[in-house]
Amino acid sequence: MDDNQTPLVDRHRAVLPSWLALYYADPIEIVSAEGRHVTDSTGTTYLDFFAGILTNAIGYDVAEISDAIRRQLDTGVLHTSTLYLIRGQVELAEKIAKLSNIPDAKVFFTNSGTEANETALMLCTQFRRSNQVLALRNSYHGRAFGTVAITGNRGWSASSLSPVKVSYVHGGYPYRSPFGHLSDVDYIRACTDDLREILQTTTSGDVACMIAEPIQGVGGFCTPPDGLFAAFKDVLDEYGILLVSDEVQTGWGRTGEHFWGMDSHGVTADIMTFAKGLGNGLAIGGLVARADVMDCLTANSISTFGGNPVATAGANAALDFLLDNDLQGNAAKLGVRLTEGLHDIAARHPVVGDVRGKGLMIGVELVEPGGRTPNAKAAMTVLEQTRAHGLLVGKGGMHNNVIRLAPPMTLTEGEVDEALDALGHAIAAADGEAR
Ligand code: PMP
């Protein structure tokens, strides 16, 4: 038993980095969970609409997943390394290759989204023999040197050091885009013209890849019009530039209408990277790529833990569960209910500037009433007030003024209504403060 009397938050701050932010003035320690609810160390239970940053995609205490992990533990084998055959890894790769719609696909497993994107950069730069990369403004792709370099958000860019030369393109964040006032068709045209100009003016043409989140996650669930990436891909194809879709947040059916976020644009990427939801909480990420791209490395490469027996046992069970129970369909259906409820709240409260997203990935951008000036204070109020009403939500955006809603995809209608009730109270409080 731990008999240290110092509050856990003080112990946390003493030994963990200052830049590892905690939510809430009075941070929460989650000690147990079931379904879509988590319970903290004081015994308070919350409905969870952030799901460990979109990671507990199916929810908590799912017997099929826990049993699969337990069966693996019972073999005595937690780890073998990729020097040996791992049945669960092969099976999971087969499923993901098939689901990807990438012809002749191959899969490599990592432990995180960062490593998945680092691997994608390695593959594309080697395949194309080029160090030039296109990324989107307001993107987030991870925390290592390569991925910070392609992250277009000052708040997450701790260093300017970069192994790649990056050009940032417009398009991911329509609400604050200089082209945001245009119709979808004209917006796509303006962003595509800009892409052409960037290729002409800031690159030598032989660019390795474009990497993009179909819906920007950390950036505040910014949702470009369907078809943007199809128009981009036409330009990329003229140059032979590879398209990498970062599906770390948008994958596994969360967007409701499709299994992968990029599918909304009617294009298949050359590489998709993934993590978060796949393991329903286990540390697993990876990428699925065209075989010629995946196989292009001429040196050895290894992730010691990548695709380990425990993570792949859990991920196989999680993936089977979400397919067998059509959680994508549930995300589509309940996403509509959630979005409609939020539009009703927004109509009453001008502190809400924008409601956007797809399926169960919905962003609520908070502004100074009467305009579009970002209102980070209102987002803080909504975060604290939803908690006070028993709901956990996420926060993000370039200006820290976006509430992010991404519950487990096993959500029920009753839970949507419960969340809307808490959000209604919290947004009313923020609206009152803002006037
Ligand atoms: N890509 C996207 C789109 C993400 O949202 C994240 C994590 N927030 C990452 C990559 C990095 O994943 P990880 O934190 O697992 O390294």
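All values reported here derive from a predicted model rather than from experimental measurement.

Conventions used here
- Residues numbered from 1 in each chain as written.
- Predicted model: local features only at pLDDT ≥ 70, side-chain atom pairs only at ≥ 80, totals over all residues.
- Heavy atoms only, no water.
- Phe/Tyr/Trp six-rings, centres within 6.5 Å; stacked < 30°, edge-to-face > 60°.
- Helix = DSSP H or I, 4+ residues; strand = E, 2+ residues; numbered from the N terminus.
- Buried < 20%, exposed > 50% of the residue type's maximum accessible area, 1.4 Å probe, protein only.
- Pairing = 2+ DSSP bridges.

Student: Tell me about the packing of aromatic side chains, and please be specific about residues and values.
Tutor: Evaluation of the coordinates by the stated rule reveals 9 aromatic pairs. With centroids separated by 5.8 Å and ring planes inclined at 80 degrees, the aromatic side chains of F229 and F232 adopt a geometry described as edge-to-face. Taken together, the residues span about one helical turn, with F229 and F232 both in helix α8 (residues 228–239) at a distance of 3 residues. The residues F229 and F232 share a single accessibility class, namely buried. A ring pair is formed by F259 and W260, whose centres lie 5.2 Å apart and whose planes are at 90 degrees; its orientation type is edge-to-face. Across the pair, exposure class does not vary: F259 and W260 are buried alike.

Student: Outline the pairing of strand β11 (residues 352–358), supporting the account with residue identities and numerical values.
Tutor: The element β11 is extensively covered by neighbouring structure, given that 5 of its 7 residues are classed as buried. Of the strand pairs in this sheet, β11 and strand β12 (residues 361–366) are connected by 6 bridges, and their pairing is antiparallel. Pairing of K358 across the sheet is with M361, part of β12. With antiparallel pairing between neighbouring strands as the criterion, β11 and β12 make up a hairpin whose turn holds 2 residues, including G359 at a positive phi of roughly 55 degrees.

Student: Could you give an account of the sheet that holds strand β13 (residues 391–392), naming the residues involved and the relevant values?
Tutor: Strand order across the open sheet formed by 4 strands is β1-β2-β3-β13, with mixed pairing between neighbours. Each having just a single partner strand, β1 (30–34) and β13 make up the two edges of the open sheet. Two elements, β1 and strand β2 (residues 37–40), share 4 bridges in a ladder whose sense is antiparallel. Opposite E34, over in β2, you have H37 as the bridge partner.

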